[in-house]
Structures are given as C-alpha cells and as structure tokens.
Amino acid sequence: MPNSRLKAARLAAGYHSQQALADALQVGVRQVRRWESDQPPMPHPDVAQELTRLLGQDLGSLGFPTDGVAPARRTVLAAVGLAAVPTQAVAVQPATAADDYEAVTRSHRRLYWSVAPATLHPAAIAHATLGCALLPEAAGQTRQRIAAALAETYLLAGRIEFFDMREPDRAQQTLLRALQAAGEADDSLLGAGVLAHMAFIPAWDGDRGAAVERMVAARTYARRGPASVELLAWLDAVEGECETRCGNTRTALHLIGHAEDVLADGSEHPAPAWLDWFSAVRLAAFKGNTQLKAGHLPQARATLLGVLDALDPAEEKQTTVVLGDLAAVEAAAGDPDAACRYALRALDQLERTWYAMGMDRVREVRRALAPHQHEACVRELDDRLYGWATTVSALAR
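Residues numbered from 1 in each chain as written. Predicted model: local features only at pLDDT ≥ 70, side-chain atom pairs only at ≥ 80, totals over all residues. Heavy atoms only, no water.

**Here's the deal with the nonpolar core**
Here is step 1: Core analysis: the biggest nonpolar cluster contains 101 residues, and Ile146, Trp234, Trp277, Phe278, Val322, Leu347 and Leu369 have the highest contact counts within it.
Here is step 2: In this structure, tryptophan 234 is in contact with Gly193, Ala196, His197, Leu275, Trp277 and Phe278, ignoring residues within four places of it in sequence.
Here is step 3: If you look at the next biggest cluster of nonpolar residues, it comprises 20 residues, including Ala9, Leu25, Met42 and Leu55. (Core = buried A, V, L, I, M, F, W, Y, C linked by side-chain atoms within 4.5 Å. Buried < 20%, exposed > 50% of the residue type's maximum accessible area, 1.4 Å probe, protein only. Contact = heavy atoms within 4.5 Å.)

Here's what the structure looks like:
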C-alpha cells in the first residue's frame, strides 16, 4: 500500500507534485517516489529534519517506519528533534486554505480605494487575526503563502492607521507585525515595501536620520529579490517625500528624477500585485508636491495639472491630494480665488471618498489663506470646510 500519509501531507503543504517537494528539499524526484511507496526508506537525518519542517509533521505521522528503529537510528532521530515513537499529528491546513486566505486579502486591497477607512480597518484587523491563527497550522508553501498574505493584510491596516486614521504609533506596531509576517514568508520584496512605509513615520516628525536608516534597510531587502522598476522607482519616491518633509527639496527632486529614469528604462520583472498605489502618474504627483515645497510654482502647477488630467477617475483619494496641492500653488502665487476653487473641488471629492491626507492638504491651504480671510471666496471655503457634514465627518474619523 503506498505511503498515503506522506502524499496527503505533501499536498496539504502546497507541494502539488513530487517534483515540487523534491526541489524544495534539493533531492531527486526518485527519492520522493520511494518515500511515497509501500516501503518508504528512512530519509537521511539532514533531509529528515527539513522534510518534517516543511510538512509540519513528525516522521511517524508521515508514514515512515519509526517503530523498531535500531538504537543508533533512534539517536539520530533524537538529534534532529523527532520522536522515536508515533505521536499525534500536528494539525495541518490544506493548500486550499492559502487560496481562500489570499482571496480575502486581495479583496481588501481593492476595497481600500472605495470603502471608508473606518469601515475597512476592523475587517482587515480581523483578517489578520485569522491569519495568525492559521499560520501555526500550516506548513510548506501553504504556510509561506498565508504568511505573505498576512504581511500584506498588516501592511494595509498600517497604511490605514497612518494615512487615514492619523495614528502613527499604532501604525508603527502594525507595520512591525507586517515585517515579521514577511519574514515568515521569506518575501524580501514585501519586506522592502513594509520598511519603506515605516520610513514615513519618523519623516513626518522631521527625524531624517531614522527615516534614512529605514530606507537603507528597504533598499537592502529590495536587492535580495527580482525587484521591478515600479518598486525601485517607488522607493526613490518614498525617500524623496521623506527628504521633502525634512526640508531637503533639492535632494528630493534628484531622487524623483532618478525614479523617472528607472521607470523609463523598463524591466523584465513584473511589479508585485500589492504595489497598487504607485505608477508613473503617482510619481508625477510626488514631483508636483516637491516642486511646490521648493517654491517652483510654475513647474508645480504644470506638473500637477498634468497629473489631474492623467489620473483615473477611480483614483479619488489621490485626486483630493492633487487638488489640495494645486490650491496650495495658487495660494502661494497670491491668487486666493483660484486656490479656493481647487480647495472646494477637493472638499467635494472628500464628501464622496474620505482621505485624511486630502483633508490635511485643504487645511494647509486655509492656513495659507489667512491674509485673505475676509474675502468672499475664503468665507465660502470656511462655510464648506466647517459645515455640519464636513466637521462631523472629519471628527468622526
């Protein structure tokens, strides 16, 4: 009778063929066939240790004849941390558990762009809790895939906490969990994405040293995998925004220029599915904001108008940020009427899709318009900015 226990554990761990398990163990496929035969030979101790780690069960539970093992063999089994007598098998989730868990993670990723953050956040945290419960019950590729989806889920929750809920301390802890899960998945590119997000937190407080250190770590992780040009350009953009926040706009513009060159060169590696917040248009939005902060108003206006035209109508959150930056350009240029028109358009958008970053931009514009506060356009902006619906909505989030 074939060794059905090993085959079942192999399939549950996500190794759908004998060749896949052989590759993971760096042995020949013939060896795996022998293990799944009716008289499976005992694996070499080093291979046995790796096999039990990948499949999450001891040798007895995998169908190997541990009863009657010679004393010397028992010593070997003890050396690799395995029981010499059959023990109860560790519960192992089937490979379909990874499929199902990843499906929900993908859905949450898409919902972020249309669902209110306060509504999506509890669902993401609950999904992360489920992932933490599934992880110890999974092995092999199934465990790796669940860990990667868990990392992405924590990354989403951390993004909401930082960009939407304005809770940097909480975001720091959530992103740290995302990094730990990415480590469990051994996904260096996802690790780079998490670390780059962690750089935003000190940068917003003007702590350039801490931000730079995290960006160095992010770039180190990116070098370990087949990084796409989109990921590499986004790392430049993140570092550029961090430098802008710390007052170094010249350095930031240099980084953004490098990112533009990277994107133009192209790459054979596809962008990770989770990198859905970045594109050439988003890079131009980074550039327009940096030009604004640098005082290059004509350039900023031209860049941001180009972004506004190129943005997909579904990118509502980014639209509010761009409108806010255009309003800031006009406020700095001494045109309060134009500034208020853009700010009002941003508020219209925020009523449909809330985004704390967008509201921050509008409030910054209002502060810049203080010298014009008695003009009719500014009073109209105040009526909208502090209307019942907007005020309650802002404070409730």
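**As for the layout of surface pockets**
Here is step 1: Reported here for the second largest pocket is a volume of approximately 150 Å³.
Here is step 2: Lining the second largest pocket we find Glu102, Thr105, Arg106, Arg109, Arg145, Ala148, Ala149, Glu152, Asp187, Leu190, Ala273 and Trp274.
Here is step 3: Going through the elements one at a time, α6 (95-111) and α8 (140-164) are the ones with two or more residues in the lining of the second largest pocket.
Here is step 4: Each residue belonging to the lining of the second largest pocket can be placed in one class, and the counts come to five nonpolar, one polar and six charged. (1 Å grid on protein atoms, 1.4 Å probe; cavity = no way out; pocket = protein on both sides within 12 Å on 5 of 7 lines; lining within 4 Å. Points joined across faces, edges and corners; volume = space filled by probe spheres on them. Helix = DSSP H or I, 4+ residues; strand = E, 2+ residues; numbered from the N terminus. Nonpolar A, V, L, I, M, F, W, Y, C, P; charged D, E, K, R; others polar.)

**Some details on empty space enclosed by the protein**
Here is step 1: Here the structure, examined in full by the defined rule, presents three cavities of 30 Å³ or more.
Here is step 2: Quantified by volume, the largest cavity comes out at close to 390 Å³.
Here is step 3: Residue lining of the largest cavity: 24 residues in total, with Phe163, Glu241, Phe286, Gln318 and Tyr355 positioned closest to the centre.
Here is step 4: Of all elements in the fold, only α8, α10 (188-204), α12 (229-245), α14 (280-294), α16 (316-332) and α18 (356-368) reach the threshold of two or more residues within the lining of the largest cavity.
Here is step 5: Residue classes in the lining of the largest cavity are distributed as 13 nonpolar, five polar and six charged.
Here is step 6: Counted as a void, the second largest cavity has a volume near 130 Å³.
Here is step 7: Taken together, 13 residues line the second largest cavity, and the ones lying closest to its centre are Arg109, Glu152, Leu156, Arg159 and Trp277.
Here is step 8: Taken together, the elements giving at least two residues each to the lining of the second largest cavity come down to α6 and α8.

**Focus: the packing of α8 against helix α9 (residues 168-185)**
Here is step 1: As a packed pair, α8 and α9 sit with axes 8 Å apart at the nearest point and diverge in direction by 165°. Comparing the axis directions of α8 and α9 gives the class roughly antiparallel. The interaxial crossing formed by α8 with α9 has left-handed handedness. Between α8 and α9, the contacting residues are Arg143, Gln144, Ala147, Ala148, Leu150, Ala151, Tyr154, Leu155, Ala157, Gly158, Glu161 and Phe162 on the first element and Pro168, Arg170, Ala171, Thr174, Leu175, Arg177, Ala178, Ala181, Ala182, Glu184 and Ala185 on the second. (Axes fitted to C-alpha atoms, helices over the stretch in contact; angles between N-to-C directions. Parallel < 35°, antiparallel > 145°, perpendicular 65-115°, else oblique. Left-handed = near helix turned anticlockwise from the far one by under 90°.)

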